[in-house]
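These are the residues of each chain, in order.
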Amino acid sequence: MTLSIQLYSMRDYEDQIGLLDELAAIGMTQVEGYGGVYGDPLAYRAAMDANGISMPSGHMGLNDIEDDFEATLGVAKTLGIGFIVAPYLEEQDRPGTSVGYTRLAHRLNAAAKKYAKHGILFGWHNHDFEFVALADGGIPMDIILEQAPDIKWEADLAWVARGASDPLQYIQRYGSRLAAIHVKDIAPVGKNLDEDGWADLGAGTLDWAALLQACRSQSNHLLYALEHDKPKDPLGYATRSVVAFEKLWDNTHD
């Protein structure tokens, strides 16, 4: 089992290098990168190495990849990233038609082919908008995966649920495309509003026992990355969620 934490969850922690000491102290050996930690890859890699931490996956914007592929490749090689994930489209950049999402899928597939030449996987991380039907009836997530056959999927299952879709159905339908799972929880309605309605793992409404079982039934080689989009207490969240994940893992099987 590979458990990491998406460092975006920890972006408000004052000392990002010191954070690696804290994560190592709670038993974390892997992290998932994002743009905020790529400024000095050599220094960050040294800090990771000093704490016995690796970075198997990392988020990189599609525009950054297309504007300077070699720069993103250099960051990935320095930090040891083997799975690069395009994480998001700003609202103004989202296509409004199936044809537009097909074009996006082709861009993603082209990036996947370029990274593959260097032994690096490439994929897409979803939010909720990919599950909202377009005016022409198309579902963006389906279009992306079906029209970009060379990409993998980092499934953010909480966002699937917020998109009013069934995460279990998507795990079953696209299980062969999964490379990583974002593990986070949704607070009960009206709760944790100051945290945008998210919760520590196990303190929310998602049936993570069933979701984890479904994921494990699809593959024994998935990355699992804890994430919380707006934790009040980042380190406390991480500490509690690591414990919750380990209990869930012990209670499920391949």
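My aim in this report is to walk through the structure given alongside it, one point at a time.

Cut-off values and rules
Residues numbered from 1 in each chain as written. Predicted model: local features only at pLDDT ≥ 70, side-chain atom pairs only at ≥ 80, totals over all residues. Heavy atoms only, no water. Buried < 20%, exposed > 50% of the residue type's maximum accessible area, 1.4 Å probe, protein only. Helix = DSSP H or I, 4+ residues; strand = E, 2+ residues; numbered from the N terminus. Pairing = 2+ DSSP bridges. Right-handed = clockwise from strand over helix to strand, strands pointing away. Core = buried A, V, L, I, M, F, W, Y, C linked by side-chain atoms within 4.5 Å. Contact = heavy atoms within 4.5 Å. Expected span 1.5 Å × (residues − 1). Patch = residues over 30% accessible without salt bridge, like charges linked within 9 Å, V, L, I, M, F, W, Y side chains within 5 Å. Areas by Shrake-Rupley, 256 points an atom, 1.4 Å probe, with all protein chains shown as cover. Salt bridge = Lys/Arg side-chain N within 4 Å of Asp/Glu carboxyl O. Lys, Arg positive; Asp, Glu negative; His and termini not counted. Charge placed at Lys NZ, Arg CZ, Asp CG, Glu CD. Phe/Tyr/Trp six-rings, centres within 6.5 Å; stacked < 30°, edge-to-face > 60°. Lys NZ or Arg CZ within 6 Å of the ring centre and 35° of its normal. Axes fitted to C-alpha atoms, helices over the stretch in contact; angles between N-to-C directions. Parallel < 35°, antiparallel > 145°, perpendicular 65-115°, else oblique. Left-handed = near helix turned anticlockwise from the far one by under 90°. Nonpolar A, V, L, I, M, F, W, Y, C, P; charged D, E, K, R; others polar.

## Regarding the pairing of strand S3 (residues 54-59)
Consideration 1: Buried residues dominate S3, accounting for five of its six residues.
Consideration 2: Pairing between strand S2 (residues 30-33) and S3: three bridges, direction parallel. Its bridge partner being in S3, Gly33 is matched across the sheet by Gly58.
Consideration 3: Handedness of the crossover joining S2 and S3 through helix H2 (residues 41-50) is recorded here as right-handed.
Consideration 4: In terms of strand pairing, S3 meets strand S4 (residues 83-86) through three bridges, oriented parallel. What sits directly across from His59, in S4, is Val85.

## Topic: the environment of Leu193
Consideration 1: For Leu193, the position within the fold is in the loop between strand S8 (185-186) and strand S9 (198-199).
Consideration 2: C-alpha of Leu193 to C-alpha of Gly236: the two residues are 43 residues apart in sequence and 18 Å apart in space.

## Re the nonpolar core
Consideration 1: Counting 80 residues, the largest nonpolar core has Leu23, Met55, Phe122, Trp153, Ile181 and Tyr224 as the members making the most contacts within it.
Consideration 2: If you tally residues by element for this core, the top one is helix H10 (residues 234-250), at eight residues.
Consideration 3: With sequence-adjacent residues up to four places away left out, Phe122 is seen in contact with Ile65, Phe83, Ile84, Ala86, Leu108, Ala111, Ala112, Tyr115, Asp150, Ile151 and Lys152.
Consideration 4: Membership of the second largest hydrophobic core comes to five residues, among which are Phe83, Val85, Ala179 and Leu223.

## Let's talk about H10
Consideration 1: When the terminal C-alpha atoms of H10 are compared, their 24 Å separation across 17 residues agrees well with the 24 Å that a helix rising 1.5 Å per residue should span.
Consideration 2: As for H10, its buried residues are in contact with strand S1 (2-5), helix H1 (16-25), strand S7 (178-183), helix H9 (208-218) and strand S10 (223-226).

## Comments concerning a negative patch on the surface
Consideration 1: A contiguous patch of negative charge on the surface is contributed by Glu14, Asp15, Asp21 and Glu22.
Consideration 2: With respect to the helices and strands, Glu14 occurs in the loop between S1 and H1.
Consideration 3: Accessibility expressed as a relative area gives 81% for Glu14, which makes it exposed.

## Quick notes on the packing of aromatic side chains
Consideration 1: Tallying each qualifying case throughout the model produces 12 aromatic pairs.
Consideration 2: When the centroid spacing of 5.6 Å and the interplanar angle of 50° are considered together, the rings of Tyr224 and Phe245 count as tilted. Placement of the pair is Tyr224 in strand S10 and Phe245 in helix H10, with a sequence separation of 21 residues.
Consideration 3: Members of the aromatic cluster, joined through ring pairs, are Phe131, Trp153, Tyr170 and Tyr174.
Consideration 4: The residue whose ring lies beneath Arg216 is Trp249, and the NZ or CZ to ring-centre distance is 3.5 Å.

## Details of the environment of Ala179
Consideration 1: Of note, Ala179 is situated in strand S7.
Consideration 2: As a C-alpha pair, Ala179 and Leu235 span 56 residues in sequence and 26 Å in three-dimensional space.
Consideration 3: What Ala179 contacts, discounting residues up to four positions off in sequence, is Phe83, Lys152, Trp153, His221, Leu222 and Leu223.

## Notes on the pattern of salt bridges
Oppositely charged side chains may form a pair once their charged atoms are brought near each other.
Consideration 1: Inspection of every chain in the model, using the stated rule, returns 10 salt bridges.
Consideration 2: Measuring nitrogen to oxygen at the nearest pair gives 3.6 Å for the salt bridge that ties Lys232 to Asp194. In this pair, Lys232 is assigned in the loop between S10 and H10 and Asp194 in the loop between S8 and S9, connecting sequence segments 38 residues apart.
Consideration 3: Classification of Lys232 as exposed rests on a relative accessible area of 59%.
Consideration 4: Owing to a relative accessible area of 44%, Asp194 belongs among the partly exposed residues under this scheme.
Consideration 5: In this structure, the salt-bridge partner of Arg240 is Asp233, at a minimum N-O distance of 4.0 Å.
Consideration 6: The class of Asp233 is partly exposed, set by a relative accessible area of 41%.
Consideration 7: Each of Asp156, Lys184, Glu227 and Asp229 takes part in one network of salt bridges that share partners.

## Brief notes about the packing of H2 against helix H4 (residues 69-79)
When two helices pack together, their arrangement is given by the angle between their axes and by how far apart the axes lie.
Consideration 1: Direction vectors running N to C along H2 and H4 enclose 20°, while the axes themselves pass 9 Å from each other. When the axes of H2 and H4 are compared, the pair comes out roughly parallel. Judged by the sense of rotation from one axis to the other, the crossing of H2 with H4 is right-handed. Between H2 and H4, the residues in contact are Pro41, Leu42, Tyr44, Arg45 and Met48 and Val75, Lys77, Thr78 and Leu79, respectively.
Consideration 2: Looking at the contact of H2 with H4 residue by residue, the classes come out as six nonpolar, one polar and two charged.

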